[in-house]
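Here's the letter readout for the chains.
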Amino acid sequence: MSEQDYMEMLMVIDEYFQRESLVIRFSNGLVVNCISDTGIYETGAEPDDYVGEFATVVKVASVITQGSNCDVQIYNDYIEISLVSVPSAILSVDGTVLWQR
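Being a predicted model, the structure only gives us computed values, none of them experimental. (Residues numbered from 1 in each chain as written. Predicted model: local features only at pLDDT ≥ 70, side-chain atom pairs only at ≥ 80, totals over all residues. Heavy atoms only, no water.)

A. Geometry of the overall build of the protein. What the protein contains, in helices and strands, is one helix and seven strands. At 13 Å, the protein has a C-alpha radius of gyration in line with the 13 Å of a compact globule built from 101 residues. Counting only C-alpha atoms and orienting by the principal axes, one finds that the protein spans roughly 40 × 25 × 25 Å. Relative to its 101 residues, the protein shows a buried fraction of 35%. Taking contacts inside the protein between residues at least 6 apart in sequence as the whole, the part at least 24 apart equals 52%. Surface summary for the protein: the accessible area is close to 6,000 Å², and the carbon and sulfur share equals 48%. Of the side-chain charges in the protein, 4 are positive and 16 negative, and the distance between the mean point of each set is 11 Å. (Helix = DSSP H or I, 4+ residues; strand = E, 2+ residues; numbered from the N terminus. Rg over C-alpha atoms; globule rule 2.2 N^0.38 Å. Buried < 20%, exposed > 50% of the residue type's maximum accessible area, 1.4 Å probe, protein only. Contact = heavy atoms within 4.5 Å. Areas by Shrake-Rupley, 256 points an atom, 1.4 Å probe, with all protein chains shown as cover. Lys, Arg positive; Asp, Glu negative; His and termini not counted. Charge placed at Lys NZ, Arg CZ, Asp CG, Glu CD.)

Spelled out as structure tokens, the structure:
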């Protein structure tokens, strides 16, 4: 995935920041209804590195379909969307595809 594609995906989620719910699908089959909760932030790639990758967090309202494995972690009803857990698709609740990998 190119950096431009990755940033476009984050911007789609950020566009819905604390507004409407989104449906996010992951490649392991996990599908969640969620809301953008933090906006985009920068994380350190290395312990001493202040410049790293960009990420965002979504709050899970409900799990629509369980994933086939634990590749995508849900911690206290939150999923961090980062290079480790890139969605396969982001949809509006009416099913409109907003972004797809």
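B. Up close: the nonpolar core. Core analysis: the biggest nonpolar cluster contains 20 residues, and Met 9, Ile 24 and Ile 79 have the highest contact counts within it. In terms of residues, this core owes the most to one element, helix α1 (residues 3-15), which gives five residues. The residues touching Ile 79, leaving out its near neighbours within four places in the chain, are Phe 26, Leu 30, Val 32, Thr 56, Val 57, Val 58, Val 60, Val 72, Gln 73 and Ile 74. (Core = buried A, V, L, I, M, F, W, Y, C linked by side-chain atoms within 4.5 Å.)

C. View of the pairing of strand β2 (residues 31-36). Within β2, five of the six residues are buried, which leaves it mostly tucked inside the rest of the structure. Note: strand β1 (residues 22-25) against β2, four bridges, orientation antiparallel. Across the sheet, residue Val 23 finds its bridge partner in β2, namely Asn 33. Note: β2 against strand β4 (residues 53-65), six bridges, orientation antiparallel. Looking at β4, one finds that Val 32 is bridged to Val 63. (Pairing = 2+ DSSP bridges.)

D. Expanded view of α1. The first and last C-alpha atoms of α1 sit 18 Å apart over 13 residues, in line with the 18 Å expected at 1.5 Å per residue. All of the buried residues along α1 are Tyr 6, Met 9, Leu 10, Val 12 and Ile 13. Take α1 and look down its axis: the buried residues cluster within an arc of 155°, on one side only. Away from its buried face, by an angle of more than 90 degrees, α1 presents the exposed residues Glu 3, Gln 4 and Glu 15. Contact partners of the buried residues in α1: β1, β2, β4, β5 (78-81), β6 (89-92) and β7 (97-100). (Expected span 1.5 Å × (residues − 1). Arc of directions from axis to C-beta.)

Without other data, these values stay purely geometric and don't point to any function.
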